[in-house]
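Coordinate inspection notes
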Amino acid sequence: MVALRGGGPSSIRAALIPLLLLWAAGAAIRIPILDVPPVLPLIRAALHMSETQVGLLSGLPLGMFALAAVPGSLLVARFGAVRTLLVGLLITAVASTARSIVPDVLTLYAATLVMGFGISVVQPALPPLVRDWLPTRIGLGTAVTTNGYLIGSTLTTGLMLPLIMPLMGQSWRLGLAVWNIPIAIAVVLVWWLAPPDHASASGVAAAVRKWMP
């Protein structure tokens, strides 16, 4: 836990790493949702998708968010927010990468479902981490996390067609693969820099007993 008692330079420096991790995690779970819409016409043509299949692909992540939110909260209660965040980001990175190499629509659906599960695991882990890492700056931590959401969404949709696709030879597979790089960076940052999850070390058993689905 990062204790910030004052507003001096030392407290600001102590908050930088948690803020960086929260921002990176927020961006990482928005990028794989918004990288598909700009290249959806290319995916549809390559995989010979119908209108119904395109609509289902767009709705799968949202449906998984609804289904996996409660299990994600249970994972936070059972294993701690840091471990849940790391596992969720790793699942998101692997499944998002898999989307760029799928041979058909069914495997694309499967990869998208797993990716949605990873994102759904990450989302309930972020608010407890804001409270744990920045107990006296919860508003700042929440704002930085939200900024990560917004920047991840904006950069992905804004840069995919004018910049990424020309650099990747107009290949939608390579375009999706490029956006996995910041997700992988977020995984490394959390694994390397995340403060210890004191809550999971001291109160996991009690949390599980008190937790109500």
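A short tour of the structure in this document, coming up.

1. Focus on the environment of Leu 19
- You can see Leu 19 is positioned in helix 1 (residues 9-28).
- Classification of Leu 19 by relative accessible area gives buried; the value is 13%.
- With 111 residues separating them along the chain, Leu 19 and Val 130 place their C-alpha atoms 8.7 Å apart.
- Those residues in contact with Leu 19 that sit more than four places away from it in its chain are Leu 134, Leu 140, Gly 141 and Val 144.

2. Some remarks on the side chain of Ser 100
- Along the chain, the position of Ser 100 falls in the loop between helix 5 (81-99) and helix 6 (105-122).
- In this structure Ser 100 comes out as buried when scored by relative accessible area, which is 7%.
- Only 2.6 Å separates the side chain of Ser 100 from the backbone oxygen of Thr 97, close enough to count as a polar contact.
- Residues within four places of Ser 100 in sequence aside, it is in contact with Arg 173, Leu 176 and Ala 177.

3. Description of the packing of aromatic side chains
- Going through the model one piece at a time under the given rule, you end up with zero aromatic pairs.
- One residue, Arg 78, lies across the ring of Phe 79, its end atom 5.2 Å from the ring centre.

How each quantity is defined
- Residues numbered from 1 in each chain as written.
- Predicted model: local features only at pLDDT ≥ 70, side-chain atom pairs only at ≥ 80, totals over all residues.
- Heavy atoms only, no water.
- Helix = DSSP H or I, 4+ residues; strand = E, 2+ residues; numbered from the N terminus.
- Buried < 20%, exposed > 50% of the residue type's maximum accessible area, 1.4 Å probe, protein only.
- Contact = heavy atoms within 4.5 Å.
- Polar contact = N/O pair within 3.5 Å; in protein donor to acceptor, adjacent residues only side chain to side chain.
- Phe/Tyr/Trp six-rings, centres within 6.5 Å; stacked < 30°, edge-to-face > 60°.
- Lys NZ or Arg CZ within 6 Å of the ring centre and 35° of its normal.

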